[in-house]
Amino acid sequence: MKVFDSADVTRHNNSQDCWVIINARVYDVTKFLNDHPGGDKVLLDVAGKDASEEFEEAGHGSAARLMLDEYYVGEADLLTPSHGISTTMNLKAEAHLKQQKIMEENMPSRLGFIIKSVRLLFPVAILGGVVAFMLYK
């Protein structure tokens, strides 16, 4: 597995050599430019950049996600600062990782809250049903 920093990916930013980053993975989509259903301009606009947000916003389905494997060239190390390159990609990656970490940390507490709520509400619902049955009997 190869690991590329943002400077490595940024160099591949034209129609003859087009790489994109999607969800911290690097893809060489040069051969796919002419076949992209949205046209090559869509890919060239994000060439050499992190296109995760654009990819997700486009609503790509499972077929598109499976197709990515064909163009995979390695992993993106977006947290390593690049020299002379905009840190936008690094900031996006950091924000994404922070958000993912927060969600993962909160998942057990959310699940615990749901379980506690069900444990509380289920007996209350049964008791309410019994009371209603007795009142309207």
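Bear in mind the structure is a predicted one, so any value in this text is a computation, not a measurement.

Student: Teacher, can you tell me more about the overall build of the protein chain here?
Tutor: Within the protein chain one finds 5 helices and 5 strands. The order of α-helices and β-strands along the protein chain, N terminus first, is β-α-β-β-β-α-α-α-β-α. Within the span of the protein chain, comprising 137 residues, buried residues form 26% of the whole. Counting contacts in the protein chain only where the partners sit at least 6 residues apart, residues at least 24 apart contribute 66% of the total. Carbon and sulfur atoms make up 63% of the accessible area of the protein chain, which amounts to about 9,700 Å² in all.

Student: It is not clear to me how the side chain of His36 should be interpreted in this structure. Could you clarify?
Tutor: Assignment of secondary structure puts His36 in the loop between β4 (25–28) and α2 (40–44). Judged by relative accessible area, which is 15%, His36 ranks as buried. Setting aside anything within four residues of it in sequence, one finds His36 in contact with Val42, Leu43 and His60.

Student: Mind showing me how you'd approach the environment of Tyr27 here?
Tutor: By secondary structure assignment, the location of Tyr27 is in strand β4. For the pair Tyr27 and Tyr71, spaced 44 residues apart in sequence, the C-alpha separation works out to 5.1 Å. Setting aside anything within four residues of it in sequence, one finds Tyr27 in contact with Cys18, Trp19, Val20, Ile22, Leu68, Asp69, Tyr71, Tyr72 and Val73.

Student: Explain the sheet that holds strand β2 (residues 13–14) to me, please; I cannot follow it from the model alone.
Tutor: Strands belonging to one sheet form pairs held by backbone hydrogen bonds; the direction of such a pair is parallel or antiparallel. Across the sheet, 5 strands lie side by side as β1-β5-β4-β3-β2; this open sheet has mixed pairing. Strands with a single pairing partner mark the edges of an open sheet, and in this sheet they are β1 (3–5) and β2.

Student: Got a minute to help me understand the nonpolar core in this structure?
Tutor: The nonpolar side chains of a soluble globular protein tend to be buried with one another. Ranked by size, the top nonpolar core spans 14 residues in total, and within it Val20, Ile22, Tyr27 and Val29 carry the most contacts. One finds Trp19, Ile21, Val26 and Ala76 within the second-largest nonpolar core, a separate group that totals 7 residues.

Student: Help me out: how do you make sense of unusual backbone geometry in this one?
Tutor: At Asn23, a position not held by glycine, the phi torsion is positive, near 50°. Classification of Asn23 as partly exposed rests on a relative accessible area of 36%. With phi around 65°, Ala24 is a residue other than glycine that occupies positive phi space. Along the polypeptide, Ala24 turns up in the loop between β3 (17–22) and β4. Of the residues examined, Ala24 reaches a relative accessible area of 33% and is grouped as partly exposed.

Cut-off values and rules
Residues numbered from 1 in each chain as written. Predicted model: local features only at pLDDT ≥ 70, side-chain atom pairs only at ≥ 80, totals over all residues. Heavy atoms only, no water. Helix = DSSP H or I, 4+ residues; strand = E, 2+ residues; numbered from the N terminus. Buried < 20%, exposed > 50% of the residue type's maximum accessible area, 1.4 Å probe, protein only. Contact = heavy atoms within 4.5 Å. Areas by Shrake-Rupley, 256 points an atom, 1.4 Å probe, with all protein chains shown as cover. Pairing = 2+ DSSP bridges. Core = buried A, V, L, I, M, F, W, Y, C linked by side-chain atoms within 4.5 Å.

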